[in-house]
Amino acid sequence: MPAISLSSTYHPFLASQHMPRLSRRAWNNVIIFAVGGMILIFQLMEYRQSESEELPQSNYYSLLPSEATILQLNLPQLRIERAGVDWKSEPQLEPNKLVQIIDAWMHIQLPVWNGSINGSSQATKVQIYIAGSREPIQLSLFQSEDRYVIRNWQGQILELDLDSYHTLFQ
């Protein structure tokens, strides 16, 4: 076998002819590690995105924990309960309306109210049973003149404008 001079005949594609070939088992390992690396990269990207979404939105807060799954919602004039994948209510409402109410309770963002609650204001209790918890989350709704405020699951007092009030307490 003649000796090959690197200076005169080196070509990157020809260099692979002198390297050992990988066996089928070795190629399988390369593929497994490559796929594992891609999965890791995608998971890290998703984690960073969810971490940035969880940052508080200035002075707006939710009524429930972000990971909460509502099983039952007891409002003053309405009771909504999960029945399999559907919702049922007392008094009876259309299924689309029930989904809108539950969605509003899970995702609404309300501003912090910096005032004080009037001592004569009556608190209306709202009970929300969520998955993974035996005890319901207790929220308190206060009405003072033309204003509604609600105490969320963290004890923060949030202001409800009339549109938000009607969305939540239809």
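As a reminder, the structure under discussion sits directly above these lines.
Sequence positions are assigned chain by chain, starting from 1 and proceeding in written order. The predicted nature of this model means local features are confined to residues of pLDDT at least 70 and side-chain atom pairs, given and counted, to a pLDDT of 80 or more, with totals for whole chains, interfaces and linings taken over all residues. The basis for the side-chain values is all heavy atoms of the structure; hydrogens and waters are excluded.

**Student:** So what about the overall build of the protein chain? Which residues, and what values?
**Tutor:** Helix numbering and strand numbering both begin at the N terminus, where a helix is a DSSP run of H or I of at least 4 residues and a strand a DSSP run of E of at least 2. Each helix and strand in the protein chain was counted, giving five helices and nine strands. The N-to-C order of helical and strand elements in the protein chain reads α-α-α-β-β-β-β-α-β-β-β-β-β-α. Each residue is placed in one exposure class: buried if its accessible area under a 1.4 Å probe, protein chains only, is under 20% of its type's maximum, exposed if it is over 50%, and partly exposed if it falls in between. Expressed as a percentage of the 170 residues in the protein chain, the buried residues total 25%. Should any heavy atoms of two residues lie within 4.5 Å, those residues are counted as being in contact. Restricting the contact set of the protein chain to residue pairs at least 6 apart, pairs at least 24 apart contribute 51%. Only the protein chains shown count as covering a residue, and every accessible area follows the Shrake-Rupley method with a 1.4 Å probe. For the protein chain, the accessible area works out to roughly 12900 Å², and carbon and sulfur atoms hold 54% of it.

**Student:** Residue-level account of helix H4 (residues 95-107), with values.
**Tutor:** Here H4 spans 18 Å end to end across 13 residues, near enough to the 18 Å set by a 1.5 Å rise per residue. Restricting attention to buried positions, one finds in H4 the residues Leu 98, Ile 101, Ile 102, Ala 104 and Trp 105. Along the long axis of H4, the arc covered by the buried residues comes to 155°, so they all point the same way. Exposed side chains of H4 directed beyond 90 degrees from the buried face belong to Pro 95 and Asn 96. Multiply 1.5 Å by the residue count of a helix minus one, and that product is the helix's expected span. For this quantity, the arc is that covered by the directions from the helix axis to the C-beta atoms.

**Student:** Can you explain the pattern of salt bridges? Please cite residues and give values.
**Tutor:** Salt bridge, as used here: a side-chain nitrogen of Lys or Arg that lies within 4 Å of a carboxyl oxygen of Asp or Glu. Using the criterion set out here, one finds two salt bridges in the structure. Arg 79 serves as the salt-bridge partner of Glu 81, at 3.1 Å between the closest nitrogen and oxygen. Judged by relative accessible area, which is 25%, Glu 81 ranks as partly exposed. With relative accessibility at 39%, the residue Arg 79 sits in the partly exposed group. The partner of Arg 147 in a salt bridge is Glu 159, with the nearest N and O atoms 2.4 Å apart.

**Student:** An account of the layout of surface pockets is needed here, citing residue identities and associated values.
**Tutor:** By volume, the second largest pocket is sized at about 180 Å³. Using a 1 Å grid laid over the protein atoms alone, points where a 1.4 Å probe fits but cannot get out form a cavity; open sets with protein on both sides within 12 Å along at least 5 of 7 lines form a pocket; any residue with an atom within 4 Å of a point counts as lining. Leu 75, Pro 76, Gln 77, Tyr 165 and Phe 169 are, among the 15 residues lining the second largest pocket, the residues nearest its centre. Ranked by the residues each element gives to the lining of the second largest pocket, the list is headed by strand S7 (residues 137-144), at three residues. Along the lines of polarity and charge, the residues of the lining of the second largest pocket split into 10 nonpolar, five polar and no charged. Grid points are joined across faces, edges and corners, and a volume is the space filled by probe spheres set on the points. Think of it as three bins: nonpolar holds Ala, Val, Leu, Ile, Met, Phe, Trp, Tyr, Cys and Pro, charged holds Asp, Glu, Lys and Arg, and polar takes everything else, Gly as well.

**Student:** Now, about the sheet that holds strand S6 (residues 123-130): what can you tell me, with residues and values included?
**Tutor:** Pairing is antiparallel in the open sheet, where seven strands are placed in the order S4-S3-S2-S6-S7-S8-S9. Looking along the sheet, the strands with just one partner apiece sit at the ends: strand S4 (86-90) and strand S9 (157-160). Each neighbouring strand pair of the sheet contributes to a mean axis angle of 25°, computed without reference to strand direction. Bridge analysis of strand S3 (residues 79-83) against S4 gives five bridges, and the strand direction is antiparallel. The partner of Arg 79 across the bridge, within S4, is Glu 90. A fitted line through C-alpha atoms serves as each axis, taken over the contacting stretch for helices, and the angle formed by two N-to-C directions is quoted from 0 to 180°. Where H4 meets the sheet, its contacts fall on strand S2 (70-74), S3, S4, S6, S7 and strand S8 (147-151), and the angle it forms with S2 comes to roughly 100°. Think of it this way: DSSP has to see at least two bridges between two strands before they count as a pair.

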